[in-house]
Amino acid sequence: MENAQNLTKEFAAHLGGDDHIDTSETFEAVLATRDAIWEKIQNSLSLKEDFRCEDLRAFNDLNGEHVGRMRTFTGDASPVDWVIHSNIGTPQKTFTNIHLTIYMDDSVDVPHLGMAFGTLPGAFFYIDPMPRYEPLAYPDYLQKYLAPLNSIYMELQDELFEAGVKPFNAAMPFIRSSLSPVALAGVVPLAFYRSKVEPKIFAYVDHWLSLVHAAKPVESAQERAQLKQRDELVRRNIVHLDPANPIAERLVGKPLADRLVRILCAEERS
């Protein structure tokens, strides 16, 4: 599997030339996964839309062609701080990137839920219950929230090996360090995605939702302040160091790409 740096160069070539791969079938499949998860989450958690970026519900590339959508949400009667529901890219030109990321607020300590899908040109997937504490420093947190998913994680590793699909290894050390011990991520053939990956993604979402509904409030004001500070720093670093940012800038130009980064960081909100 090519590393992230080579993938970025490859997609830049696709975007700038005629070497396009139509990934529409794969795009529709992974988009359907994201949309089904979103419906499940909306039916389970009380959320409200933040309309600060309403003008970006549909946005165009530098040639005036539709290339993306952005919507954001916050918790209403649920402990959710910030939700990103977005996609960018044109499947007829190979590259697409689809997000559904849910950051929790500091009233609870359950993991955030990071998800991304796309076409690279195979089916790209990522889902991770993002820990709020360093697992090595807080092993009880790891055991409580992440360890129940370990059997699913290990099952997928075995299935990838049996199918001859190389495991996903991001090129950047920072990106690798951002993945929890049970993060599911990879680029796989569409048939493998549908049969082996998608059911596991839904199992992760169900587990995360159960954690949210069973969450106990964080009582300590000091602990809440520490959670909030850490969450904001981690979110900002992940967004600003995303290796896909140069692709977004190439598609929509620097001013809009910079604004999308601010929105992802929750720096532009009502």
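Please refer to the structure placed before this passage.
Residues numbered from 1 in each chain as written. Predicted model: local features only at pLDDT ≥ 70, side-chain atom pairs only at ≥ 80, totals over all residues. Heavy atoms only, no water.

Hey, could you run me through the packing of aromatic side chains in this one?
Here the distance between the centres and the angle between the planes together describe a pair of aromatic rings. Taken as a whole and assessed by the stated rule, the structure comprises six aromatic pairs. Plain terms: the ring middles of Trp 38 and Phe 73 are 4.9 Å apart, the flat faces sit at 55° to each other, and that makes the pair tilted. Taken together, the residues span a long stretch of sequence, with Trp 38 in helix H2 (residues 24-44) and Phe 73 in strand S3 (residues 66-75) at a distance of 35 residues. A residue is classified by how much of its surface remains accessible, and Trp 38, at 6% relative accessible area, is buried. An aromatic cluster of at least three residues, connected via ring pairs, comprises Tyr 133, Tyr 138, Tyr 141 and Tyr 145. Across the ring face of Tyr 103, the terminal group of Arg 235 is positioned such that the distance to the ring centre comes to 4.9 Å. (Phe/Tyr/Trp six-rings, centres within 6.5 Å; stacked < 30°, edge-to-face > 60°. Helix = DSSP H or I, 4+ residues; strand = E, 2+ residues; numbered from the N terminus. Buried < 20%, exposed > 50% of the residue type's maximum accessible area, 1.4 Å probe, protein only. Lys NZ or Arg CZ within 6 Å of the ring centre and 35° of its normal.)

Looking at this structure, how should I read the state of the cysteines?
Disulfide: a covalent bond connecting the sulfur atoms of a pair of cysteines. Taken as a whole and assessed by the stated rule, the structure comprises zero disulfides. Sulfur of Cys 53: no disulfide; nearest cysteine sulfur belongs to Cys 265 and is 13 Å away. Owing to a relative accessible area of 3%, Cys 53 belongs among the buried residues under this scheme. Taking relative accessible area as the criterion, Cys 265 reaches 6% and is therefore assigned buried. (Disulfide = S-S within 2.5 Å.)

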